[in-house]
Amino acid sequence: MPQLAELAIEAVWAGVIDALPDVVPVMGHVHERPGLLLATGFSGHGFGLGPMAGKIMAGLAAGHSASVDISGLSPSRFSH
């Protein structure tokens, strides 16, 4: 597109997509660090998953069990 060759760049931005090796988020207690909860690896899908993830994590932080089964999202799945 030759018409763009002379345009000046006004601004740029960059970001990081948090993706884990299995491309599945991590949510739950970090058993090696009591009291630490982790929710990451949403790979850009946080906008859609955020409300429920926030509700689950708030419940865990308050000492409740997750309202759905999140065992497959455990941070410990990478410790094997």
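### Description of the overall build of the protein chain
Next up, step 1: For the protein chain, the count of helices and strands is one helix and two strands.
Next up, step 2: Reading the protein chain from its N end, one meets helices and strands in the order β-β-α.
Next up, step 3: Computed over the C-alpha atoms, the radius of gyration of the protein chain is 19 Å, more than 25% above the 12 Å expected from 2.2 N^0.38 for a compact globule of 80 residues.
Next up, step 4: Over its C-alpha atoms, taken along the principal directions, the protein chain stretches across nearly 60 × 30 × 20 Å.
Next up, step 5: A total of 80 residues make up the protein chain; the buried ones form 22% of that total.
Next up, step 6: The long-range share in the protein chain, meaning contacts at least 24 apart out of those at least 6 apart in sequence, stands at 48%.
Next up, step 7: As displayed, the protein chain has an accessible area near 6,300 Å², and 64% of this comes from carbon and sulfur atoms.

### What about unusual backbone geometry?
Next up, step 1: With phi around 60°, Val23 is a residue other than glycine that occupies positive phi space.
Next up, step 2: Its place among the elements puts Val23 in the segment before strand 1 (26-29).
Next up, step 3: Look at Val23 and you get exposed, because its relative accessible area is 58%.

### Digging into helix 1 (residues 46-61)
Residue pairs spaced three or four apart in an α-helix point in one direction, given the helix's 3.6 residues per turn.
Next up, step 1: For helix 1, with 16 residues, the first-to-last C-alpha span of 19 Å runs short of the 22 Å given by 1.5 Å per residue.
Next up, step 2: Taken as a whole, helix 1 carries its principal kink of about 35° at Met52.
Next up, step 3: Along helix 1, the positions that sit buried rather than exposed are Ala53, Ile56, Met57, Gly59 and Leu60.
Next up, step 4: Considering only its buried residues, helix 1 is in contact with strand 1 and strand 2 (37-40).

### Remarks on the side chain of Arg77
Next up, step 1: Considering the arrangement of structural elements, one finds Arg77 in the segment after helix 1.
Next up, step 2: Each residue touching Arg77, except ones within four places of it in the same chain, is listed here: Leu20, Asp22, Val24, Pro25, Val26 and Gly72.

### Some points on the confidence of the model for the protein chain
Next up, step 1: Predicted confidence across the protein chain gives a mean pLDDT of 90, with 99% of residues reaching 70 or more.
Next up, step 2: Per-element averaging of pLDDT across the protein chain places helix 1 at the bottom with 92 and strand 1 at the top with 95.

About the thresholds
Residues numbered from 1 in each chain as written. Predicted model: local features only at pLDDT ≥ 70, side-chain atom pairs only at ≥ 80, totals over all residues. Heavy atoms only, no water. Helix = DSSP H or I, 4+ residues; strand = E, 2+ residues; numbered from the N terminus. Rg over C-alpha atoms; globule rule 2.2 N^0.38 Å. Buried < 20%, exposed > 50% of the residue type's maximum accessible area, 1.4 Å probe, protein only. Contact = heavy atoms within 4.5 Å. Areas by Shrake-Rupley, 256 points an atom, 1.4 Å probe, with all protein chains shown as cover. Expected span 1.5 Å × (residues − 1). Bend = angle between axes of the 7 residues up to and from the residue. pLDDT = per-residue confidence, 0-100.

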